[in-house]
Amino acid sequence: MTTKFSSKTFITLFLALIVSFYFLGVYWSFEPDQLDIRAEVTRDAAAEGVSPVVGYTTTTALIRVTETLLNKQGGYLSNDALPPSVFLDNIPAWELGALEMSRDMALVMRQEFSRSQSQSVENKHLKVAQPQYNIDHKSWAMPSAESEYNKAINELYAYRKALSDVNSQTAQFYARSDNLRDWIQEVNKRLGSYSQRLSASVGREQLNTDLAGDSEAQQSTYTQASVVLKTSWWKIDDEFYEARGACWALLHFLRAVEIDFNDVLEKKNAKVSVQQIIRELEASQESIWSPMILNGDGFGLLANHSLVMANYISRANAALIDLNDLLSQG
């Protein structure tokens, strides 16, 4: 017996498929909740039967942020080649922001936190884990981004286990003010970039200050004395969500740093500065009630979500600069 499908049936099935993809895309576009890093550390340490040592919390934070990228609802979407995720751009942009902050943390852990001095040997686990973060985040095969990030997670677990082993000295984490300053400087550059890109949602003429402060400074090619910077209308939401993802990851790293570098921060009377930065970043994660990212102009009728996000990031960045100054004092 042969079943015949009418054109009406095909149209109905097609529309049902489109609607299903739409709602699935909406569901996958919800950002993950914030993590309780202290609770995550307590649970993991109890499961492993160890006491958290210096560096355990920061390593756990990097592990959990990376695992969230891979295991949140919808999984990792940046390299998907099939609908509905291939049509999504907000969450892939969010993933890129969180990934960029994770790349910075992995690099500093490999080069600074785990080494006592410039001539010391790199930790074998971090030496393998850190490059895995640098794969193209859109790579979907041979190898896929997910497989490389999972390799990094496994190496981070091995590093954390070695840290906790009191009978072994193959892994160390040095909570020193100079190490912390190195990471803060990386974060300053990242946040400064996000602040500028978000501010460019409203076109403004900007003077060229690239060589300011040094009369002998030179650059490779000539650039105009002023330039108008404006983000494409199609990219405004991508810039917003990338910055939001970066702030989400940084928020967790700072909560971990507050624990691992507690003695350093208390000695410099800088703990309250970290807590204030965390508050600014928490504000950047408030719920978005608008169905789309608005791009109002100046003091007009509509809000400009990019400028609001840029304000929180700029305040956090300024506080980080002050924190860096505090840590540099004797």
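For the structure itself, consult the block above.
Residues numbered from 1 in each chain as written. Predicted model: local features only at pLDDT ≥ 70, side-chain atom pairs only at ≥ 80, totals over all residues. Heavy atoms only, no water.

S.K.: Which parts of the structure should I look at to understand the side chain of Ser120?
M.R.: Examined against the element boundaries, Ser120 turns out to sit in the loop between α4 (90-113) and α5 (124-132). We classify Ser120 as buried; its relative accessible area is 17%. Of note is the side chain of Ser120, whose polar atom sits 3.5 Å from the backbone nitrogen of Ser116. (Helix = DSSP H or I, 4+ residues; strand = E, 2+ residues; numbered from the N terminus. Buried < 20%, exposed > 50% of the residue type's maximum accessible area, 1.4 Å probe, protein only. Polar contact = N/O pair within 3.5 Å; in protein donor to acceptor, adjacent residues only side chain to side chain.)

S.K.: Please clarify how helix α10 (residues 271-283) should be interpreted in this entry.
M.R.: Side chains that are three or four residues apart share a direction in an α-helix, a result of its 3.6 residues per turn. In a regular helix each residue adds 1.5 Å, so 13 residues correspond to 18 Å; α10 covers 19 Å between its end C-alpha atoms and thus fits that length. Looking at the buried side of α10, the elements it contacts are α8 (236-260), α9 (262-267) and α11 (305-328). (Expected span 1.5 Å × (residues − 1). Contact = heavy atoms within 4.5 Å.)

S.K.: Which parts of the structure should I look at to understand the pattern of salt bridges?
M.R.: Once their charged atoms are close, side chains differing in charge can pair, the charge on each being opposite to the other. All told, the structure shown has 18 salt bridges when counted by the stated rule. Between Arg43 and Glu40 there is a salt bridge, with the nearest N and O atoms lying 2.7 Å from each other. With Arg43 and Glu40 both in helix α2 (residues 37-48) and three residues apart, this pair spans about one turn of that helix. Under the relative-accessibility criterion, Glu40 is labelled buried at 13%. (Salt bridge = Lys/Arg side-chain N within 4 Å of Asp/Glu carboxyl O.)

Nothing here speaks to function; it is geometry throughout.
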